[in-house]
Amino acid sequence: MVQLRNLLIVIVAVEVIGMSSIDRGISFVASQLQAAQPKTVPGNRKPKQKKKAEPAVHAPLRSQQIAKIDASTRKAALASAARIDELIDANLLKHQVSPNTPTSDEQFLRRIYLEIVGTIPTLQQTRAFLTSPDHEKRSRLIDSLLSQEGYSSNFYNYWADILRLKDGQIANNVPGRPYCEWVKVSLEMNMPYDKFVYEMLTAEGKIWDDPAAGYILRDSGMPLDAMNNTVRVFLGTQIGCAQCHNHPFDRWTQKEFYEMAAFTFGTTTRRGAGDKKFGGGNVVNKLRTDLKKVDPKFDGGGKYNRLLVSNLAEVYDRPAKLQLPHDYQYDDAKPKQAVDPKTIFEPQAKLEKDEPPRIAFARWLTSAENPRFGKTIANRLWKKSFGVGLIEPIDDIKDDSQPENPELMEFLTAEMVRVKFDLKEYLRIIYNTKAYQREAAHAEVNPGDEFHFPGPILRRMTAEQVWDSFITLAAYKPNEYQAEPASVEAKLVNIDLATATADLVYKRDQQLRSAELRKTREARDKDHSYKGTLLVRASELPSPRPPGHFLRQFGQSDRESIEASSVDGSVPQVLQMFNGPITHMLLEPTSVLCKNVFVDKSPEARVDIVFLSILARKPSAEERQAALGEVKAHGDAGYGNVVWALVNTREFLFIQ
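Just so we're clear, the structure is a prediction, and the values are computed from it rather than from any experiment.

K.L.:
Account for the overall build of the protein chain, with residues named and values stated.
P.N.:
Looking only at helices and strands, the protein chain features 30 helices and ten strands. What you see for the protein chain is a C-alpha radius of gyration of 27 Å, in line with the 26 Å of a compact globule of 656 residues. Across its three principal directions, the C-alpha atoms of the protein chain cover 80 × 75 × 55 Å. For the protein chain, buried positions account for 55% of its 656 residues. Within the protein chain, residue pairs in contact and separated by at least 24 positions form 73% of the contacts whose partners lie at least 6 positions apart.

Below, the structure is given as structure tokens:
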């Protein structure tokens, strides 16, 4: 009952605190949390001794090629940003809407860090920016953050939600990790978006040989659904209803859907065990029979499936004609009639002689001439930056969909083509606009409402941003930890079944189950853990996390549906913030926050450090007085109470 009472007190107090101030709530919340706090918060323990270097097998293969922003294009980017502002300001005037006031440096700093690298800034980063006299410091910070590895970590989370990325199985005994890692590397290299998509659509072979094949394997055995997902994600159009009948809300017919699906219908994701590639006969059954001789305990079941069945999963093309369904009921064709590939937009895809149709489809889809490709990604990233797209919904664009600002949408699409689908360069333009750097609009924007962009809308952090912000407050150098490269396992799992022997399969299986390998991994993770929780960036955790994990409680999706994550509040979130290990770890004497606080002797300076670390600003006079009163009443534990009160405010959880 005491815990429930305290929980209700926190819920009420957080609502009292409001969006941008804790002056009325901090003392009240902190005093009620006192009973649950450690009695002291020592700050003089020595840091742990640095451990020996990890074995070479765990050496990261990423972060060696972080793409830097091009300094030579800065002038052009600023000119484009100015043009966007002209178009927005003219539209605001037309609708008699006043622009929001410019953000303070404190608001901008926190917003741009969360927007680009997915976490709040550190104390040192906050101080450096706020004390800098450079009048161009905002633009320079944008360039700096876009050139950091945090960019790929943050945007990996964004694309993981769209592409439904999973580290676990995405097809029969096929892990998704090589594909996930490929996406991370592509973001680190800043692969142009058109090439990024083209690589996924044209990949072939096994996922260990061409990790981009994970895109096609993700919808293995579902060619019609796969086409619907592709058009929805990359062309912003939903044609799925036309799979069964003419679309009731758009112009697409069932025949047109099948004509589109005909491009990829011949793309296969699995070879049969008796495929001629393997020399005839059932290669899996043969190896299982031989394995019984090598492994007396093997009963012929699924023990070796990771090595046998997973190596049948392969993306390749074979001649195949897609037929209309047997119950096709329209006059433009007959049931079971074969259809030829045809695109839903002009210009039509050009099929070259002897090339698989999906290659022509990929070339057409990613072309700068495709009327929807550039527009869709330009609109997607605009929504990511401002919280609302110029066209909503962003993945259900119709011929008669009207952008809120047609001239701006046209300009943004042209800019995406001009920068050759360089997403960093495009985002650089958006972040440098006065519109983006205005205070957030607090009004709720419902579907169908017009929003004229007087500034971005107020948004809650994503689950990954909340998690990574806590990691920033607790752990030193969180970006240094990277998940073990998928290539480590790939070297063992990837087998040529045509030449494989039972001895080889047995040896590889033993290596994969190696206790030494497992212990090495466990020891590595233990060094980055707190009470069994791995304290690393969300992008480096196996995903999606299981139900009950902090990330899932705060809205990370199960990666089964496109963009299924959530930023809605819930009681489990309040419980997690109130008494979960993630908030408790901030009060550990070895946490970054705790060490920073106790470096200074002055209570006033310590309170400033708490506020700067969590909210990227100093406290108001009233907040400082309330915080110092808490410290005076409870000693060092009072600082912990202030910390706990601040992370439970809306100001912490929302992007101002």
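K.L.:
Describe helix α29 (residues 637-647), and please don't skip the residues or the numbers.
P.N.:
Summarising burial for α29: eleven of the eleven residues are buried, a large majority. Considered for burial, the residues of α29 that qualify are Ala637, Gly638, Tyr639, Gly640, Asn641, Val642, Val643, Trp644, Ala645, Leu646 and Val647.

K.L.:
Please set out the pairing of strand β4 (residues 313-317) residue by residue, giving values where relevant.
P.N.:
Here β4 lies mainly inside the structure; four of its five residues are buried. Bridging between strand β3 (residues 267-270) and β4 involves three bridges; their strand directions are antiparallel. Bridge pairing in β4 links Thr268 to Tyr316.

K.L.:
Quick rundown of the confidence of the model for the protein chain? Include the residues and the values.
P.N.:
Across the protein chain, the average pLDDT comes to 88, with 90% of residues at or above 70. When the criterion is pLDDT under 50, residues 1-61 qualifies, and its contacts beyond four places in sequence or with other chains add up to 95 contacts.

K.L.:
Describe in detail the packing of helix α17 (residues 406-418) against helix α18 (residues 423-431), supporting the description with residues and values.
P.N.:
Closest axis-to-axis distance for the α17/α18 pair is 9 Å, and the angle between their directions is 140 degrees. Judged by the angle between their axes, α17 and α18 are oblique. Between α17 and α18 lies a crossing of right-handed hand. When α17 is examined against α18, the residues Leu412, Glu415, Met416 and Arg418 are found in contact with a partner set consisting of Leu423, Tyr426 and Ile429.

K.L.:
Tell me about the pattern of salt bridges, residues and numbers included.
P.N.:
Evaluated as defined, the whole model comprises 40 salt bridges. A salt bridge links Lys303 to Asp295; the nearest nitrogen and oxygen atoms lie 2.8 Å apart. Of the residues examined, Lys303 reaches a relative accessible area of 33% and is grouped as partly exposed. A salt bridge links Arg306 to Glu489; the shortest N-O distance between them is 3.3 Å. Here the residue Arg306 occupies a position in helix α14 (residues 305-308), and Glu489 occupies one in helix α20 (residues 486-493), the gap between them amounting to 183 residues. One salt-bridge network, held together by shared partners, links Arg74, Asp134, Glu136, Arg140, Asp143, Glu425 and Arg428.

K.L.:
Please set out the environment of Thr230 residue by residue, giving values where relevant.
P.N.:
Inspection of the secondary structure assignment puts Thr230 in helix α11 (residues 223-235). Residues Thr230 and Ile216, 14 residues apart in the sequence, show an inter-C-alpha distance of 9.8 Å. When residues no more than four places from it in sequence are discounted, the contact partners of Thr230 are Leu201, Tyr215, Leu235, Phe361 and Leu365.

K.L.:
Describe the side chain of Asp219, with residues and values.
P.N.:
Structurally, Asp219 can be placed in the loop between α10 (214-217) and α11. A relative accessible area of 7% places Asp219 in the buried class. When sequence neighbours within four positions are dropped, the list of residues in contact with Asp219 reads Arg164, Ala226 and Asn229.

K.L.:
So, the packing of aromatic side chains: which residues are in play, and what are the values?
P.N.:
If you walk through the whole model with that rule in mind, you get 30 aromatic pairs. Geometrically, the ring pair formed by Phe108 and Phe129 is tilted, given 6.2 Å between the ring centres and 35 degrees between the ring planes. Taken as a pair, Phe108 in helix α4 (residues 105-116) and Phe129 in helix α5 (residues 123-131) lie far apart in primary sequence, 21 residues in all. When its relative accessible area of 0% is taken as the criterion, Phe108 is described as buried. Phe129 gets classed as buried once you look at its relative accessible area, which sits at 6%. Ring geometry for Phe257 versus Tyr258: centroids 5.9 Å apart, planes at 70 degrees, classification edge-to-face. The same class applies to Phe257 and to Tyr258, which are both buried. An aromatic cluster of three or more residues is present, and its members are Tyr151, Phe155, Tyr158, Trp159, Trp182, Tyr193, Phe196, Phe373 and Phe421. Seen from the ring of Tyr436, Arg111 lies directly overhead, with NZ or CZ sitting 5.5 Å from the centre. The side chain of Lys184 reaches across the aromatic face of Tyr156, ending 4.8 Å from its centre.

K.L.:
Describe in detail unusual backbone geometry, supporting the description with residues and values.
P.N.:
For the bond running from Glu346 to Pro347, omega is -5 degrees, close enough to zero to count as cis. Here the amide bond leading from Glu392 into Pro393 is cis, since omega sits at -10 degrees, within 30 degrees of zero. Here Pro393 is to be found in the loop between α16 (373-386) and α17. Non-glycine residue Phe421 carries a positive phi angle of around 60 degrees. If you trace the backbone, Phe421 turns up in the loop between α17 and α18. A positive phi angle, near 65 degrees, is found at Arg559, a position not held by glycine. Turning to its location among the elements, Arg559 is positioned in the loop between α23 (550-553) and α24 (571-579).

K.L.:
Any details on α18? Residues and values, ideally.
P.N.:
An α-helix turns once every 3.6 residues. As a result, residues three or four positions apart point the same way. Taken across its nine residues, α18 has nine buried, putting it largely inside the fold. When we look at burial in α18, the residues that qualify are Leu423, Lys424, Glu425, Tyr426, Leu427, Arg428, Ile429, Ile430 and Tyr431. You can read the cap of α18 off the contacts: a side-chain oxygen lies 3.1 Å from the backbone nitrogen of Lys424, and it is on Asp422.

About the cut-offs
- Residues numbered from 1 in each chain as written.
- Predicted model: local features only at pLDDT ≥ 70, side-chain atom pairs only at ≥ 80, totals over all residues.
- Heavy atoms only, no water.
- Helix = DSSP H or I, 4+ residues; strand = E, 2+ residues; numbered from the N terminus.
- Rg over C-alpha atoms; globule rule 2.2 N^0.38 Å.
- Buried < 20%, exposed > 50% of the residue type's maximum accessible area, 1.4 Å probe, protein only.
- Contact = heavy atoms within 4.5 Å.
- Pairing = 2+ DSSP bridges.
- pLDDT = per-residue confidence, 0-100.
- Axes fitted to C-alpha atoms, helices over the stretch in contact; angles between N-to-C directions.
- Parallel < 35°, antiparallel > 145°, perpendicular 65-115°, else oblique.
- Left-handed = near helix turned anticlockwise from the far one by under 90°.
- Salt bridge = Lys/Arg side-chain N within 4 Å of Asp/Glu carboxyl O.
- Phe/Tyr/Trp six-rings, centres within 6.5 Å; stacked < 30°, edge-to-face > 60°.
- Lys NZ or Arg CZ within 6 Å of the ring centre and 35° of its normal.
- Polar contact = N/O pair within 3.5 Å; in protein donor to acceptor, adjacent residues only side chain to side chain.

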